[in-house]
Amino acid sequence: MTRRHGMVGALAAVLAVAAAGCGGSGSGSKEVVLVTHDSFAIPKDVKAAFEHESGLKLVILQGGDAGEMLNRALLTKGKPQGDAIFGVDNNLLSRAVGTGLLEPYEPKDITQVDGQYRLDSTGELTPIDHGDVCLNVDKGWFASHGVAGPTSLDDLTEPAYRKLLVVENPATSTPGLAFMLATVARFGEPGWRDYWRRLRANGVLVVDGWEEAYTTQFSGAGGSKGNRPIVVSYATSPPAEVMFATKPTKTAPTAAVASTCFRQVELAGVLEGATNEKGARALIDFMLTERFQKALPESMFVLPVREGTPLPAVFRKYAAFPTEPFDLPAEEIGANRDRWIDEWTRVVLR
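Quantities reported herein were computed from a predicted structural model and do not represent experimental measurements.

(A) Main features of the state of the cysteines. A full pass over the atoms with the stated rule returns one disulfide. A disulfide bridge connects C134 with C261, and the sulfur atoms are separated by 2.0 Å. Measuring handedness by torsion sign, the sulfur bridge of C134 and C261 sits at about 105° and is right-handed. Taken as a pair, C134 in strand β5 (residues 126–138) and C261 in the loop between β9 (254–256) and β10 (262–271) lie far apart in primary sequence, 127 residues in all.

Right, dumping it as structure tokens:
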């Protein structure tokens, strides 16, 4: 969540990526270093706008998925490799705040952020984007087989969907974790474990990450030869299929099932001990500007948190917008995440 679409890799050329050993120390005040995950991507002109306005060079230090990135940041707590961090989500929030990793900061435009995304009462993390992990279906497969696609999590245990679903392992994948949390939110204790027993009996396929699930096993992805027409992916995956189609298309071959979505919010913060704390604050301020927020859908396939930010037409037409996505309090996730993953592993893989 990897965290999200492998298509983001096609945008890597627009990034200024720091060498793996680069860090904030010794860099002086002429640059600001952003520690982030491998899926971070912004257009060249947006990066240039920040550099022009701030007078700073933006250096981007990427390190694995969101969990790996946070683990590395915690290991260098107090002597960070960068100045700011982006990509901590609500599933990881409890591991980051109150640990001495972050310096509290209130951005200038925080009042422009929809209150539902302001999850951190400590002020250490600022919401930047949001997205939803949802079931995605191959519309062509269901039409050709005369089977109605699933409309809820409950449907997946029915015989009609036997051996049709591929999911990611929550221990190794951010969307996999989000989907597991959706089942906890939907079925509660101990019902979620019983639900996964039924999924296992119904032939669910588990793989390590999104890339394998979506581009190899899922039948609906462009170029895929997979045979599973239901996959755990994102509410923005259908627009991506249209944008990256080999031949221009007026319709998305896939659809996200809005009633199955789990809400994710990504946040950014100033790293305690940053060489350029002022630059880190300027960067977070910039991330909440309309210019940066407008670029999020087409660069990272996530949605803005700034109220009133317009969306590209392809997202308005093909993305799913769940009105009541599943969610859980960050404190509850933090207190139970590791136990839930262990229990999931015993139920599904052993």
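(B) Geometry of the packing of helix α1 (residues 44–54) against helix α9 (residues 277–287). At their nearest, the axes of α1 and α9 sit 11 Å apart, and the two run at 135° to each other. Judged by the inter-axis angle, α1 sits oblique to α9. The hand of the α1/α9 crossing is right-handed. In this structure, α1 contributes V46, A49, F50 and E53 to the contact, and α9 contributes G279, A282, L283 and F286. Considered class by class, the residues forming the contact of α1 with α9 number six nonpolar, one polar and one charged.

(C) Quick peek at helix α7 (residues 210–217). Within α7, burial applies to W210, A213, Y214 and Q217. An end-on view of α7 places all buried positions within 125° of arc, on one side of the element.

(D) Representation of the confidence of the model for the protein in the model. Summarising the model, the protein shows a mean pLDDT of 91, and 92% of its residues fall at 70 or more. A low-confidence stretch, residues 5–27 stays under pLDDT 50, and its non-local contacts, those more than four residues away or across chains, total 56 contacts.

What counts, and at which threshold
Residues numbered from 1 in each chain as written. Predicted model: local features only at pLDDT ≥ 70, side-chain atom pairs only at ≥ 80, totals over all residues. Heavy atoms only, no water. Disulfide = S-S within 2.5 Å. Helix = DSSP H or I, 4+ residues; strand = E, 2+ residues; numbered from the N terminus. Axes fitted to C-alpha atoms, helices over the stretch in contact; angles between N-to-C directions. Parallel < 35°, antiparallel > 145°, perpendicular 65-115°, else oblique. Left-handed = near helix turned anticlockwise from the far one by under 90°. Contact = heavy atoms within 4.5 Å. Nonpolar A, V, L, I, M, F, W, Y, C, P; charged D, E, K, R; others polar. Buried < 20%, exposed > 50% of the residue type's maximum accessible area, 1.4 Å probe, protein only. Arc of directions from axis to C-beta. pLDDT = per-residue confidence, 0-100.

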